[in-house]
Amino acid sequence: QVPAWKVYSGSAWEEQETLRVEAPLLKEEIGVRVRRGPSWKWGDQDGGPGSAGVTIPCPRTNKTNGWVCVRWDSGKEFEYRVGKWGAYDLIVVEQAPLMKEEIGVRVRRGPDWKWDDQDGGPGSTGVTIKSIEDTAGWVRVQWDAGQAADYRVGAESAYDLIVV
């Protein structure tokens, strides 16, 4: 059994400082956030180690029983094994809120988001770039869309960001 604080990079389990709960995708489910798993043999179809995607219906395949399709964040779609021949190509990723002022962490909107589309809109990602001086529980994010702004990571008992 792999501890929750380990992430499969595609070749080995690596420790992560931010807790992410991950387990193999065991059955065909739609709408599940996933990454490459312990049986991965598909090169960089997913966009490379650490990339994520969402399981979707498989409209153009005759594969059933033990297969699921994934739309990767890159937009590409492929089929993967979920128990077929004893192989599990995917890991379910439940992304946890950013709980402290960490720099260099890729994030997206979290459970307490109240900032309209400052981030560029739903699904947008950015990187934490600095803690806010003299203000505990806040961090600044540089969004991929170009804008930078400050968000709560514990201030006001709120968590605006999720680690991706």
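Residues numbered from 1 in each chain as written. Predicted model: local features only at pLDDT ≥ 70, side-chain atom pairs only at ≥ 80, totals over all residues. Heavy atoms only, no water.

Asker: Describe in detail unusual backbone geometry, supporting the description with residues and values.
Answerer: It is generally the case that most residues other than glycine have a negative phi and that most peptide bonds are trans. Although it is not a glycine, Trp 85 sits at a positive phi angle of roughly 55°. By the element assignment, Trp 85 lies in the loop between strand E7 (77–81) and strand E8 (90–94). (Helix = DSSP H or I, 4+ residues; strand = E, 2+ residues; numbered from the N terminus.)

Asker: Kindly report on the layout of surface pockets, identifying the contributing residues and their values.
Answerer: Of the pockets and cavities examined, the largest pocket occupies roughly 260 Å³. Taken together, 14 residues make up the lining of the largest pocket; nearest its centre are Arg 33, Ser 51, Ala 52, Asp 73 and Thr 125. Elements supplying a minimum of two residues to the lining of the largest pocket: strand E4 (33–36) and strand E9 (106–109). Of the residues belonging to the lining of the largest pocket, the class tally is two nonpolar, six polar and six charged. (1 Å grid on protein atoms, 1.4 Å probe; cavity = no way out; pocket = protein on both sides within 12 Å on 5 of 7 lines; lining within 4 Å. Points joined across faces, edges and corners; volume = space filled by probe spheres on them. Nonpolar A, V, L, I, M, F, W, Y, C, P; charged D, E, K, R; others polar.)

Asker: Break down the side chain of Asp 119 for me, citing the residues and quoting the values.
Answerer: With respect to the helices, strands and loops of the structure, Asp 119 is situated in the loop between E9 and strand E10 (126–131). Note on Asp 119: relative accessible area 0%, which makes it buried. When neighbours within four sequence positions are excluded, Asp 119 is seen to be in contact with Arg 109, Trp 113, Ser 124, Trp 143 and Ala 145. (Buried < 20%, exposed > 50% of the residue type's maximum accessible area, 1.4 Å probe, protein only. Contact = heavy atoms within 4.5 Å.)

Asker: Before we move on, could you go through the nonpolar core and cite the residues and values that matter?
Answerer: Formed by 16 residues in total, the largest nonpolar core has its most connected members in Leu 98, Val 107, Trp 113, Val 141, Trp 143, Tyr 151 and Leu 161. By residue number, the principal contributor to this core is strand E11 (residues 138–143), which donates four residues. Apart from the residues within four sequence positions on either side, Leu 98 is in contact with Val 105, Val 107, Thr 128, Val 139, Val 153, Tyr 159, Leu 161, Ile 162 and Val 163. Counting residues in hydrophobic clusters, the runner-up holds ten residues, among them Trp 40, Val 68, Val 70 and Val 82. (Core = buried A, V, L, I, M, F, W, Y, C linked by side-chain atoms within 4.5 Å.)

Asker: Quick rundown of the environment of Asp 150? Include the residues and the values.
Answerer: Position of Asp 150 relative to the elements: it lies in strand E12 (residues 148–152). Asp 150 sits in the partly exposed class, given a relative accessible area of 25%. Along the primary structure Asp 150 and Arg 140 are separated by ten residues, whereas in three dimensions their C-alpha atoms are 4.2 Å apart. Setting aside chain neighbours within four positions, we find Asp 150 in contact with Ile 132, Trp 138, Val 139 and Arg 140.

Asker: Give me the packing of aromatic side chains: which residues, what numbers.
Answerer: Per the stated rule, a full pass over the model turns up ten aromatic pairs. Here Trp 42 and Tyr 80 contribute two aromatic rings whose centre-to-centre distance is 6.1 Å and whose plane-to-plane angle is 75°, an arrangement assigned as edge-to-face. A residue pair is termed long-range when its members are at least 10 positions apart, and Trp 42 in the loop between E4 and strand E5 (53–56) and Tyr 80 in strand E7 qualify at 38 residues. According to the relative accessible area criterion, Tyr 80 is buried, its value standing at 0%. Every member of this aromatic cluster is reached through a ring pair, and the members are Trp 113, Trp 115, Trp 138, Trp 143 and Tyr 151. One residue, Lys 41, lies across the ring of Trp 42, its end atom 5.0 Å from the ring centre. Over the aromatic face of Trp 85 sits the side chain of Lys 84, whose NZ or CZ is 5.5 Å from the ring centroid. (Phe/Tyr/Trp six-rings, centres within 6.5 Å; stacked < 30°, edge-to-face > 60°. Lys NZ or Arg CZ within 6 Å of the ring centre and 35° of its normal.)

Asker: So, the pattern of salt bridges: which residues are in play, and what are the values?
Answerer: If you walk through the whole model with that rule in mind, you get ten salt bridges. The salt bridge involving Arg 71 is made with Glu 77; its shortest N-O contact spans 2.8 Å. Overall, the relative accessible area of 40% leaves Arg 71 in the partly exposed class. As a salt-bridge pair, Asp 144 and Arg 106 come within 2.9 Å of each other at their nearest N and O atoms. (Salt bridge = Lys/Arg side-chain N within 4 Å of Asp/Glu carboxyl O.)

Asker: For the sheet that holds E12, give the residues involved together with the corresponding values.
Answerer: Across the sheet, five strands lie side by side as E12-E11-E10-E9-E13; this open sheet has antiparallel pairing. The sheet is open, and its two borders are formed by E12 and strand E13 (161–163), each paired with just one other strand. Here the strands of the sheet are splayed against their neighbours by 50° on average, with no regard to which way each runs. Of the pairings in the sheet, the one linking E9 to E10 comprises two bridges and is antiparallel in character. Across the sheet, Arg 106 pairs through a bridge with Val 127, a residue of E10. (Pairing = 2+ DSSP bridges. Axes fitted to C-alpha atoms, helices over the stretch in contact; angles between N-to-C directions.)

Shape descriptors only; they carry no functional weight alone.
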